[in-house]
Amino acid sequence: MNKIAVVYWSGSGNTEAMANAVVEGIRQAGAEAALFSASEFSARALADYQAVVFGCPAMGSEELEPCEFDPLFADCEGQLNGMITGLFGSYGWGSGEWMDTWQERTSAAGAKIIGTVIAQNFPDDDALTACRRLGADVSAAI
Ligand SMILES: Cc1cc2nc3c(=O)[nH]c(=O)nc-3n(C[C@H](O)[C@H](O)[C@H](O)COP(=O)(O)O)c2cc1C
């Protein structure tokens, strides 16, 4: 069975809710999902998965979370060439600029980005549906 890692950081639970919906979408599509917080995952573990979906909210000034998530993502970047990925995260008051920058960075690493989902604060029903669809789309792309 295809195995997909969903790796996220969440300070107040909004991105975590999105991660759970991505996992639901993957499982509904018939693939195997493994959910990790950033501190539970390592770049070495990427080799065990056919795809990886990353989640991180906008932090700093339109940046990835600097203490746990950004260092992990930087470690993973060298292994993303050709990897099927999706990106998601919650934001507060901005315009989603952190996701645009993150998407460019992920593309530059050679990853195949299947989709991105952003949600303002706690994800509403539409955002959760989009997260489930992202999980299903990543499963279908393997
Ligand atoms: C330290 C800090 C920095 C933040 N920086 C931004 C930002 O640059 N742009 C933005 O839109 N939201 C920003 N936010 C808001 C968060 O992205 C928002 O609250 C989000 O829903 C948090 O997701 P989480 O519950 O998964 O941690 C920031 C929040 C914190 C605590």
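Residues numbered from 1 in each chain as written. Predicted model: local features only at pLDDT ≥ 70, side-chain atom pairs only at ≥ 80, totals over all residues. Heavy atoms only, no water.

S.K.: Please clarify how the overall build of the protein should be interpreted in this entry.
M.R.: Across its full length, the protein holds 4 helices and 5 strands. Scanning the protein from its N terminus toward the C terminus, one meets helices and strands in the order β-α-β-β-α-β-α-β-α. Taken along the three principal axes of its C-alpha coordinates, the protein extends 40 × 35 × 25 Å. Out of the 142 residues in the protein, the part that is buried amounts to 49%. Relative to all contacts within the protein whose residues are 6 or more apart in sequence, the contacts with residues 24 or more apart total 77%. Carbon together with sulfur atoms contributes 44% to the accessible area of the protein, which is approximately 6600 Å² in total. Positive and negative charge centroids in the protein, built from 7 and 19 side chains respectively, lie 10 Å apart. (Helix = DSSP H or I, 4+ residues; strand = E, 2+ residues; numbered from the N terminus. Buried < 20%, exposed > 50% of the residue type's maximum accessible area, 1.4 Å probe, protein only. Contact = heavy atoms within 4.5 Å. Areas by Shrake-Rupley, 256 points an atom, 1.4 Å probe, with all protein chains shown as cover. Lys, Arg positive; Asp, Glu negative; His and termini not counted. Charge placed at Lys NZ, Arg CZ, Asp CG, Glu CD.)

S.K.: Looking at this model, I keep getting lost on the side chain of threonine 15. Mind explaining?
M.R.: Locating threonine 15 in the fold gives a position in helix H1 (residues 14-28). In contact with threonine 15, other than residues within four places in its own chain, are Tyr8, Trp9, Ser10, Gly55, Cys56, Pro57, Phe88, Gly89 and Ser90.

S.K.: Please clarify how the environment of phenylalanine 122 should be interpreted in this entry.
M.R.: Among the structural elements, phenylalanine 122 can be located in the loop between strand E5 (112-120) and helix H4 (125-141). Taking the C-alpha atoms as reference, phenylalanine 122 lies 20 Å from phenylalanine 36; in sequence the two are 86 residues apart. In contact with phenylalanine 122, other than residues within four places in its own chain, are Gly13, Asn14 and Ala17.

S.K.: Explain the nonpolar core here, please?
M.R.: For soluble globular proteins, the rule of thumb is that nonpolar side chains tend to be buried together. Grouped together as the largest cluster of nonpolar side chains are 28 residues, with contacts concentrated most on Val7, Phe41, Val52, Phe54, Phe69, Leu80 and Trp102. Only strand E1 (3-8), strand E2 (32-37), strand E3 (51-55), helix H2 (69-77), strand E4 (84-91) and helix H3 (97-108) provide two or more residues apiece to this core. Of the residues forming this core, the biggest block, 4 residues, is contributed by H2. When neighbours within four sequence positions are excluded, phenylalanine 41 is seen to be in contact with Ala5, Val7, Phe36, Leu46, Tyr49, Leu72 and Cys76. Of all hydrophobic cores here, the second largest spans 23 residues; its members include Ile4, Tyr8, Met18 and Ala21. (Core = buried A, V, L, I, M, F, W, Y, C linked by side-chain atoms within 4.5 Å.)

S.K.: How should the pattern of salt bridges be read in this particular structure?
M.R.: Here the idea is simple: oppositely charged side chains can pair when their charged atoms come close. Applying the stated criterion across every chain yields a total of 3 salt bridges. Residues arginine 132 and glutamate 24 are paired through a salt bridge, measuring 2.8 Å at the closest nitrogen-oxygen approach. Note that arginine 132 is positioned in helix H4 and glutamate 24 in helix H1, a separation of 108 residues in sequence. Classification of arginine 132 as partly exposed rests on a relative accessible area of 26%. A network of salt bridges, in which partner residues are shared, links Asp70, Glu77 and Arg105. (Salt bridge = Lys/Arg side-chain N within 4 Å of Asp/Glu carboxyl O.)

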